[in-house]
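Fold and contact review
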Amino acid sequence: MILLIDAGNTRIKWRLHGTPTPVEGACEHDQLEALDAVLAETPGIRRMIGANVAGPGVGGQIGTLAAQRGMTPEWITPDAERCGVRNLYRQPAQLGADRWAALIGARSQHPHACLVVMAGTATTIDLLDAAGDFLGGLILPGVALMQRALASNTAQLPLASGQFSPTPRSTADAILSGCLQAQAGAVERMFRQIESSAGACCLLGGGAADAFASLLSLPVQRVDNLVLDGLARIAQDS
Ligand SMILES: Nc1ncnc2c1ncn2[C@@H]1O[C@H](COP(=O)(O)OP(=O)(O)OP(=O)(O)O)[C@@H](O)[C@H]1O
Ligand SMILES: CC(C)(CO)[C@@H](O)C(=O)NCCC(=O)O
Ligand SMILES: [K+]
């Protein structure tokens, strides 16, 4: 059994890989006892493989929990090529480990061109061509971060919960609709670069995905957690 870990900027997600029924969970950075409980209750874990973009503090805390059970987490680092994906970032190691794992997860379930979108704390929109080349991608503030940026840098814009509208007629609706349209617009614009490729589709995941999925006019496949899928694929080969 392998414990796969996606340590993001807001939450840590995990999945036990190799169990008859999948076990998944998530916690905030300051609630790592939930992950510790998984380690305590699952004696059959022989490896821990993770993607950490939350910094060395979080990585170190998970390492400490692992060490108490005699384990060391293996944190993946993006390389130039792995599991059929070629990383065309100018400095391959600069790419976020979560993006790299998600691209590998995407490639292993969709052998055509695809746009890999993860809508979390940040939103990333990554281009994968039919040959498995990661051509490049975008980093945007996530939906919640966009809303917070407006609230904290203006006098008249509150942090309020609006509704999406194509023609917003209140401040709260205008803010939320603006943030969702920005995300959807960026996705649609990036998709144009691969839309003529056979079988091209957008794989969309992350906590904010459902907030703008319905705005997208392109072939979309909702995915649960491509980062964890990719980590499972990486574990097979290493
Ligand atoms: N019910 C909801 N409606 C709309 N958006 C939501 C909802 N719940 C979460 N979100 C959005 O999801 C984002 C968090 O997504 P997710 O849970 O995938 O990421 P995360 O795990 O917090 O991110 P990271 O992987 O970067 O730590 C928030 O920034 C917020 O925009
Ligand atoms: C963009 C995020 C924050 C998304 O989680 C993460 O992948 C990250 O910190 N990336 C490093 C920078 C980069 O991917 O170019
Ligand atoms: K940062």
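Note that the structure is a prediction, hence the values are computed from the model and not measured. (Residues numbered from 1 in each chain as written. Chains lettered and ligands numbered in written order. Predicted model: local features only at pLDDT ≥ 70, side-chain atom pairs only at ≥ 80, totals over all residues. Heavy atoms only, no water.)

**Notes on the site of ligand 2**
The following threshold applies: Throughout this document, a residue counts as near a molecule or strand when at least one of its heavy atoms sits within 4 Å of that molecule or strand. Whenever two N or O atoms come within 3.5 Å, that pair is a polar contact, provided that in protein one can donate a hydrogen and the other can accept it, and provided that, for residues adjacent in sequence, both atoms are side-chain atoms. Note on areas: these come from Shrake-Rupley sampling with a 1.4 Å probe, and a residue is covered only by the protein chains present in the view. In this analysis the probe radius is 1.4 Å and the grid spacing 1 Å, with only protein atoms considered; a cavity is a set of points the probe fits into but cannot get out of, a pocket is an open set with protein on both sides within 12 Å along at least five of seven lines, and lining residues have an atom within 4 Å of a point. Being in a pocket or cavity means that more than half of the molecule's atoms lie within 2 Å of its grid points.
Neighbouring residues of ligand 2: Asn9, Val53, Tyr89, Gln94, Leu95, Gly96, Asp98, Arg99, Thr124 and Ile139. One of the side-chain nitrogen or oxygen atoms of Asp98 is found 2.6 Å away from an oxygen atom of ligand 2. Contact with the protein chains covers 75% of the free accessible surface of ligand 2, which is 380 Å². In this structure the site holding ligand 2 corresponds to the largest pocket.

**Structural notes on the site of ligand 1**
Close to ligand 1 lie 13 residues; Thr10, Arg11, Lys13, Thr121 and Gly207 are nearest. Separating an oxygen atom of ligand 1 from a side-chain N or O atom of Lys13 is a distance of 2.4 Å. Here Gly207 contributes a backbone N or O atom positioned 2.5 Å from an oxygen atom of ligand 1. Computed on the free molecule, ligand 1 has an accessible area of 630 Å², of which 64% lies beneath the protein chains in the complex.

**Digging into the layout of surface pockets**
What counts, and what does not: Grid points are joined across faces, edges and corners, and a volume is the space filled by probe spheres set on the points. Runs of H or I in DSSP of at least four residues are treated as helices and runs of E of at least two as strands, each being numbered from the N terminus. By convention here, the domain bounds are inherited from an automatic or database domain assignment.
The calculated volume of the largest pocket comes to roughly 880 Å³. As for the largest pocket, its lining consists of 39 residues, of which Lys13, Ala119, Gly120, Thr121 and Gly206 are closest to the centre. Going through the elements one at a time, strand E2 (11-17), strand E3 (23-28), helix H3 (97-109), strand E8 (114-119), strand E9 (122-128), helix H4 (143-153) and helix H7 (226-237) are the ones with two or more residues in the lining of the largest pocket. Counting contributing residues per domain, the lining of the largest pocket is built from domain 1 (2-75) and domain 2 (111-225), each supplying no fewer than three.

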